[in-house]
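Overview (structure and organization)
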Amino acid sequence: MIGLISATAAGAAARDRLAAAWSTRTRVYDGPVADAVRRAFAECDQMVCFLATGAVVRLVAPLLSDKGADPGVVCVDEAGRFAVSLVGGHVGGANELAREVGELLGAEPVVTTATDAVGVPGLDTLGLPVEGDLAGVSRAMLDGEPVVLERESPWPLPALPPNVGSPAEPGAAVVRVSDRVGETAAREVVLRPPSLVVGVGASRGAPVEEVLDLVRDALREAGLSARSVAGLATVDAKSEEPGIVGAAERLGVPVVTYTAEELAAVAVPNPSDAPLAAVGTPSVAEAAALLGGGELLVPKRKSVRADGRPAMATCAVVRRPARGRLAVVGLGPGARDLLTPRATAELRRAAVLVGLDQYVDQIRDLLRPGTLILESGLGAEEERARTAVAEARRGQAVALIGSGDAGVYAMASPALAEASDDIDVVGVPGVTAALAAGAILGAPLGHDHVSISLSDLHTPWEVIERRVRAAAEADIVVTFYNPRSRGRDWQLPKALAILAEHREPSTPVGVVRNASRPDESSRVTTLGSLDPGIVDMMTVVTVGNTATREIAGRMVTPRGYRWQKEPR
């Protein structure tokens, strides 16, 4: 929850804008400002104070205790010009909150955290629990000192500065990625990857404490960190068992369930007749932990009850194999403000970027220092897809970029055809060329529509022609991608002729070149008068259906509401 505090009418107006936009995330604190700050500090994860920075400093200073527990605090000035991340920039999320507030209110976010200021990822912002000398190692990273990177398994990390990964030398700072417990030395931090899966079985009514103590004891005796547990796995018949659900909540991890049939197919070292009779599989704990693959670190063990009664819980621990991560990112049509926040976040998360050289140039400034950039020219789509998948299989965090939406005539198809289930794949949607052009033209896509590429480099023209003819006969609005190039100058006239067999010469046609880019141009013409010579590969051509009209210079395809047909 985000607490909102203001003292003046101007501050209250901005406060109310946030409260209206984030109604489920915020709570307004009224009354005397000092009391409101104290209550919000105690009750909220984050705070936005519409007060002078000095006033907030004096009010929150006596309340600060620990950076790992204090809420993130953002200050917004009376004029709404700046959103200042004051306290808890990383752990408290104030840096990101300042950016969100700035975007909503039109304020400039002010972030002074040292790592953020120079584009270096804070070790406490990588999405993994971190322990040890965070300040000392971060300082070494910022100062360019040699920092050793030790990874027991190749869990994907964002790009790190070039000085991280240096050869070991006495006194060097160390970043270690490990699920094993142990004392951390000076100038050493440990990142805890989500590498452990705990399989759990439980009798009906097993107490939460019995399940929780069993899991914690198993981890402790094996020298494993509870902060690396990714989830508790069990049979679906136990998905709502209070002891398992409660233990997962206490550990802060999800419960993952499988069917008895899935578990019965897993070979385990310690099968038993008891779970077979109860839920239909000879193993729950070991099978559930092993189902996703990995190394069995703790074979099945039973809980021990102080009263000597039979155990009600079992568990097993598996270290799952590290998986690389491939984000297929759509960059939109070109304008920076049409690049989605999720796409920006994935670009910042990547250690490796793969893309067409001209697209890399569009977003190069958004990448973290140290990002490995693998770029190539036109015509190397399949090579880029193979490269991105190969890098992900090496355990890297990879972003494969494409224009518009990466799944529309772009890189998602060749990449996913190359990828298998040994890596994690994330799709990040983008604004397509058809949508960008449609917004410029008006509302040509207001009813059913289809996109067709006229490039016959990968699709035979006979197939393309059949699709164009089907769209023409079905009276569907058509957007043509890749309409005309120097070597392909007859396909667009042929496609337009096919449409003309079913549509009047007066049918509106929109032509948009370089949608959303500085040299954008557009025009609305007709099917009968369109000159294909004005079209090139940077152009999108949208042909209306029989209902499409030009209204005030804009293309409009009616939705077909009944009231539009009624006499006025």
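It should be noted that the structure appears before, not after, this text.
Definitions and limits used
Residues numbered from 1 in each chain as written. Predicted model: local features only at pLDDT ≥ 70, side-chain atom pairs only at ≥ 80, totals over all residues. Heavy atoms only, no water. Axes fitted to C-alpha atoms, helices over the stretch in contact; angles between N-to-C directions. Helix = DSSP H or I, 4+ residues; strand = E, 2+ residues; numbered from the N terminus. Parallel < 35°, antiparallel > 145°, perpendicular 65-115°, else oblique. Left-handed = near helix turned anticlockwise from the far one by under 90°. Contact = heavy atoms within 4.5 Å. Pairing = 2+ DSSP bridges. Core = buried A, V, L, I, M, F, W, Y, C linked by side-chain atoms within 4.5 Å. Buried < 20%, exposed > 50% of the residue type's maximum accessible area, 1.4 Å probe, protein only. Polar contact = N/O pair within 3.5 Å; in protein donor to acceptor, adjacent residues only side chain to side chain. Phe/Tyr/Trp six-rings, centres within 6.5 Å; stacked < 30°, edge-to-face > 60°. Lys NZ or Arg CZ within 6 Å of the ring centre and 35° of its normal.

With respect to the packing of helix H7 (residues 208-221) against helix H8 (residues 242-251)
At their nearest, the axes of H7 and H8 sit 8 Å apart, and the two run at 55° to each other. Here H7 lies oblique to H8, going by the angle between them. Note that H7 runs across H8; the crossing there is right-handed. Here Val-208, Glu-209, Val-211, Leu-212, Val-215 and Arg-216 of H7 come into contact with H8, specifically with Pro-242, Gly-243, Ile-244, Gly-246, Ala-247, Arg-250 and Leu-251.

Observations regarding the sheet that holds strand E11 (residues 196-202)
Spatially, five strands are ordered E13-E12-E11-E15-E14 in an open sheet, and the strand pairing comes out mixed. Across the chains shown, the open sheet's two edge strands, defined by having one partner strand only, are strand E13 (255-258) and strand E14 (295-302). Sheet twist, expressed as the average angle between the axes of neighbouring strands with direction ignored, equals 25°. Strand direction decides the pairing type here: E14 and strand E15 (residues 313-319), joined by five bridges, are antiparallel. Its bridge partner lying in E15, Leu-296 is registered against Val-318. H7 rests against E11, strand E12 (229-235), E14 and E15 of the sheet, and its axis sits at about 35° to E15. Across the sheet, H8 touches E11, E12 and E13, and the angle it forms with E12 is around 175°.

Regarding the nonpolar core
Core analysis: the largest hydrophobic core is formed by 24 residues, its most contacted members being Val-198, Val-200, Leu-219, Leu-232 and Val-317. Sorting the residues of this core by element identifies E11, H7, E12, H8 and E15 as the ones contributing at least two each. The biggest single contributor to this core is H7, with six residues. Not counting the four nearest positions on each side in its chain, Val-317 is found in contact with Leu-196, Val-197, Val-198, Ala-218, Leu-219, Leu-224, Glu-295, Leu-296, Leu-297 and Val-298.

A few points about the sheet that holds strand E20 (residues 424-428)
As summarised here, the arrangement of the five strands in space is E18-E17-E19-E16-E20, forming an open sheet in which the pairing is parallel. Of all the strands in the sheet, the pair left with one neighbour each is strand E18 (372-376) and E20. Across this sheet, the average inter-strand angle for adjacent strands is 15°, counted without regard to direction. Bridging between strand E16 (residues 325-330) and E20 involves five bridges; their strand directions are parallel. Residue Ala-327 lies in a different strand from E20, and its bridge partner there is Val-426. Sheet contacts for helix H12 (residues 341-349): E16, strand E17 (352-356), strand E19 (397-402) and E20; angle to E16, the most-contacted strand, approximately 140°.

Re the packing of helix H17 (residues 461-473) against helix H18 (residues 491-500)
Taken N-terminus to C-terminus, the directions of H17 and H18 make an angle of 30°; their axes are 9 Å apart at the nearest point. When the axes of H17 and H18 are compared, the pair comes out roughly parallel. For the element pair H17 and H18, the recorded crossing hand is right-handed. From H17, Trp-461, Glu-465, Val-468, Arg-469 and Ala-472 reach across to H18, where they touch Gln-491, Lys-494, Ala-495, Ile-498 and Leu-499.

Some thoughts on the side chain of Ser-225
Within the secondary structure, Ser-225 is located in the loop between H7 and E12. Given a relative accessible area of 5%, Ser-225 falls into the buried group. Side-chain polar atoms of Ser-225 contact the backbone nitrogen of Arg-227, separated by 3.1 Å. Ignoring sequence-local partners within four residues, the contact set of Ser-225 consists of Glu-131, Asp-179, Val-181, Arg-192 and Leu-196.

A few points about the packing of aromatic side chains
Following the criterion strictly, the structure yields two aromatic pairs and no others. Pairing Tyr-409 with Tyr-481 gives two aromatic rings, centres 4.7 Å apart and planes at 50°, and the pair type is tilted. With a gap of 72 residues between them, Tyr-409 in the loop between E19 and helix H15 (412-418) and Tyr-481 in strand E23 (residues 477-481) connect regions that are remote in the sequence. The exposure class of Tyr-481 is buried, given its relative accessible area of 10%. One Lys or Arg, Arg-25, reaches over the ring of Trp-22 and ends 4.4 Å from the middle of that ring.

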